Amino acid sequence: MSETAYPPVSQHLSDLEAAREEGRRKMDWALQHMPILNALREEFVDEQPLAGETIAMAMHVEAKTANLVELLADGGAEVAITGCNPLSTHDDVSAALDTHESITSYAVRGVDDEEYYDAMHACIAHEPTVTVDDGMDMVKLVHEEYPDLIDSIVGGAEETTTGVDRLRAMDADGELHYPVFAVNDTPMKQLFDNVHGTGESSLATIAMTTNLSWAGKNVVVGGYGQCGKGVAKKASGQNANVIVCEVDPRKALEAHMEGYEVLPMAEAAEKGDVFVTTTGNRDVITRDHFEEMQDGVLLANAGHFDVEVNLDQLDELAVDRYEVRDGVEGFEMPDGRVLNVIAEGRLVNLAAPIALGHPVEVMDQSFGVQAVVVRELVENGERYAAGVHDVPDELDREVADIKLAAEGVEYDTLTDEQREYMDSWEHGT
């Protein structure tokens with residue numbers, strides 16, 4: 001692997017051996033509950049489908065992700081990885097990954113913006129043939145500063161809604177010059193990761209960080225996409241009153257018909273006890289909303305970037321700001337109200353001090369899809385033109401089949417007659 005100016009995680013930590021041991025312990029626990037990655041590991045080790053490839057990754061470096069990284073390395077690839085959020089890296093897991101002979105981890109928790117991109121440059125210096133992203137920062141950097149690498153990159157995979165939205169915008173502008181699979185958009189991601197993963201992990205993290213109950217609270221959910229649906233569903237299940245704010249009339253109608261109160265944020269701001277943004281867009285909650293909020297509200301973001309709650313405007317309004325408890329910062333308004341921001345407005349289920357991200361079983365499914373699309377790119381990359389691609393349906397089904405087999409669940413299949421009926425336009429009344 002290439003030598004780079006930015007050092008790997010092993011040169012950032014004081015007690016390296018203790019960190020590696022603890023990181024490995026976390027990874028081993030997660031792997032016990034990841035039957036998909038375990039099944040794929042057997043295939044990858046045996047067949048070495050990624051031999052000769054170099055993969056650059058920008059991901060949330062914690063135990064579940066680490067098992068995907070090791071799967072790719074055990075499948076023959078050289079892997080360089082860094083974080084995709086300054087507060088989502090677990091240093092001990094990053095240190096454990098870095099012990100693998102085919103993995104270099106540059107991920108360090110709490111880096112500033114300059115260090116964040118220094119680590120990403122270090123990954124790209126390994127001259128990847130595949131990129132795996134969570135948020136699209138890696139793809140953007142390759143295109144802007146390393147165009148000479150593009151011809152040798154067979155393709156990439158993108159994990160999250162925000163990243164896919166950015167990729168589609170890049171593609172529409174004619175600026176995306178290699179194929180990237182929209183892993184976020186495939187059913188095995190949408191139906192489980194975004195709903196159950198985001199819903200459960202965001203609410204659990206907020207509750208554990210604050211030691212407060214959901215029962216009886218007015219929870220305002222900004223955005224009713226798959227992640228917003230998950231937050232609303234899980235909050236309602238814990239006896240909260242859910243208010244949904246939307247800009248799409250169809251999604252607003254869907255939320256209304258699911259029984260939630262639907263309001264503009266300007267009105268919800270007066271009623272909410274807890275606000276959770278899930279849109280992937282900026283300025284969902286702004287100055288006008290802060291001015292109407294009740295004393296003691298909680299503000300949390302479950303979108304990828306820290307732009308959904310406008311903290312600059314909140315800071316301008318505040319006469320004081322201080323740490324209320326670990327992971328919670330209070331902003332005192334001129335009239336004495338205190339608005340509490342969790343995890344600096346960053347992705348709450350990964351950036352709060354105690355955050356662990358999505359449940360293991362959920363991420364096993366999403367990372368299973370990541371693994372098979374990387375395999376697909378290496379084996380059949382010439383089939384895909386530059387641009388954003390849906391994950392082939394047979395790959396998504398492959399991952400579902402592995403999971404069902406591991407759970408001991410059997411299901412029906414179509415008969416030949418049924419398949420012929422479904423594939424024909426000639427059958428009528």
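- The name an unreviewed UniProt entry gives the chain is Adenosylhomocysteinase, with Halorubrum yunnanense as the organism.
- UniProt lists a comment for the chain under the heading Subcellular location (unreviewed entry), and it reads "Cytoplasm".
- Its UniProt record gives the chain the following Pathway (unreviewed entry) comment, quoted word for word: "Amino-acid biosynthesis; L-homocysteine biosynthesis; L-homocysteine from S-adenosyl-L-homocysteine: step 1/1."

Quick word on the overall build of the chain
Thinking step 1. In terms of regular secondary structure, the chain is built from 17 helices and 15 strands.
Thinking step 2. For 429 residues, the compact-globule estimate of 2.2 N^0.38 gives 22 Å, and the C-alpha radius of gyration of the chain, at 22 Å, lies within 12% of that figure.
Thinking step 3. Judged by the C-alpha coordinates and their principal axes, the chain covers about 75 × 65 × 45 Å.
Thinking step 4. Of all 429 residues assigned to the chain, the portion counted as buried reaches 55%.
Thinking step 5. Excluding contacts between residues fewer than 6 apart, the proportion of contacts in the chain whose partners are at least 24 apart in sequence is 71%.
Thinking step 6. For the chain, the exposed area adds up to about 18800 Å²; of that, 46% sits on carbon and sulfur atoms.
Thinking step 7. When the 29 positive and 85 negative side-chain charges of the chain are each reduced to one mean point, those points stand 5 Å apart.

Digging into the sheet that holds strand E7 (residues 218-222)
Thinking step 1. The strand order across the open sheet formed by 8 strands is E9-E8-E7-E10-E11-E14-E13-E12, and the pairing between neighbours is mixed. Looking at strand neighbours, the two that pair on one side only are strand E9 (261-262) and strand E12 (320-325), the edges of this open sheet.
Thinking step 2. Relative to strand E14 (residues 338-342), strand E11 (residues 298-301) runs parallel, the two being bridged by 2 bridges. Of the residues in E14, the one forming a bridge with Leu298 is Asn340.
Thinking step 3. Running at roughly 170 degrees to E7, helix H9 (residues 226-237) makes contact with E7, strand E8 (241-245) and strand E10 (274-277) of the sheet.

Re the side chain of Asp364
Thinking step 1. Note on placement: Asp364 falls in helix H15 (residues 360-380).
Thinking step 2. With no salt bridge to any partner, buried Asp364 finds its closest opposite charge in Lys403, at an N-O distance of 4.8 Å.
Thinking step 3. Apart from residues lying up to four places away in sequence, Asp364 is in contact with His33, Met34, Pro35, Ile36 and Leu37.

Section: a negative patch on the surface
Thinking step 1. A surface patch of negative charge is lined by Asp112, Asp113, Glu114, Glu115 and Asp118.
Thinking step 2. Along the chain, Glu114 falls in helix H5 (residues 113-124).
Thinking step 3. Judged by relative accessible area, which is 59%, Glu114 ranks as exposed.

Brief notes about the UniProt feature "domain: S-adenosyl-L-homocysteine hydrolase NAD binding" (unreviewed entry) in the chain
Thinking step 1. Annotation from UniProt places "domain: S-adenosyl-L-homocysteine hydrolase NAD binding" (unreviewed entry) at residues 194-355.
Thinking step 2. The span residues 194-355 is 37% helical and 22% strand by assignment, and the distance between its end C-alpha atoms comes to 17 Å.

What to know about the environment of Gly225
Thinking step 1. For Gly225, the position within the fold is in the loop between E7 and H9.
Thinking step 2. When residues no more than four places from it in sequence are discounted, the contact partners of Gly225 are Glu246 and Lys251.

Section: the packing of helix H8 (residues 187-210) against H9
The description of two packed helices rests on the angle between their axes and on the distance between the axes.
Thinking step 1. Where H8 contacts H9, the axes come no closer than 7 Å and their chain directions differ by 50 degrees. Between H8 and H9, the angle is such that the two are oblique. Where H8 crosses over H9, the two elements pack in a sense that is right-handed. Where H8 abuts H9, its residues Gln190, Leu191, Asn194, Val195, His196, Thr198, Gly199, Glu200 and Leu203 lie against Gln226, Cys227, Gly230, Val231, Lys233, Lys234 and Ala235.
Thinking step 2. Class assignment of the residues belonging to the contact of H8 with H9 gives a composition of 6 nonpolar, 7 polar and 3 charged.

A word on the packing of H8 against H15
Thinking step 1. Packing of H8 against H15 leaves a shortest axis separation of 9 Å and a crossing angle of 145 degrees. Crossing hand, H8 versus H15: left-handed. The residues of H15 that touch H8, namely those facing Met188, Lys189, Phe192, Asp193, His196 and Gly197, are Val362, Met363, Gln365, Ser366 and Val369.
Thinking step 2. Residue classes in the contact of H8 with H15 are distributed as 5 nonpolar, 4 polar and 2 charged.

Description of the pairing of strand E13 (residues 328-332)
Thinking step 1. In this sheet, E13 lies alongside E12 in antiparallel orientation, the contact comprising 5 bridges. For Glu323, the partnering residue across the bridge sits in E13 and is Glu329.
Thinking step 2. Joining the antiparallel neighbours E12 and E13 is a turn of 2 residues, in which Gly327 adopts a positive phi near 90 degrees.
Thinking step 3. The turn linking E13 back onto E14 is made up of 5 residues, and Gly336 within it adopts a positive phi angle of 100 degrees.

Analysis parameters
Residues numbered from 1 in each chain as written. Predicted model: local features only at pLDDT ≥ 70, side-chain atom pairs only at ≥ 80, totals over all residues. Heavy atoms only, no water. UniProt positions renumbered as here; feature names shortened; annotations may be inferred. Helix = DSSP H or I, 4+ residues; strand = E, 2+ residues; numbered from the N terminus. Rg over C-alpha atoms; globule rule 2.2 N^0.38 Å. Buried < 20%, exposed > 50% of the residue type's maximum accessible area, 1.4 Å probe, protein only. Contact = heavy atoms within 4.5 Å. Areas by Shrake-Rupley, 256 points an atom, 1.4 Å probe, with all protein chains shown as cover. Lys, Arg positive; Asp, Glu negative; His and termini not counted. Charge placed at Lys NZ, Arg CZ, Asp CG, Glu CD. Pairing = 2+ DSSP bridges. Axes fitted to C-alpha atoms, helices over the stretch in contact; angles between N-to-C directions. Salt bridge = Lys/Arg side-chain N within 4 Å of Asp/Glu carboxyl O. Patch = residues over 30% accessible without salt bridge, like charges linked within 9 Å, V, L, I, M, F, W, Y side chains within 5 Å. Parallel < 35°, antiparallel > 145°, perpendicular 65-115°, else oblique. Left-handed = near helix turned anticlockwise from the far one by under 90°. Nonpolar A, V, L, I, M, F, W, Y, C, P; charged D, E, K, R; others polar.

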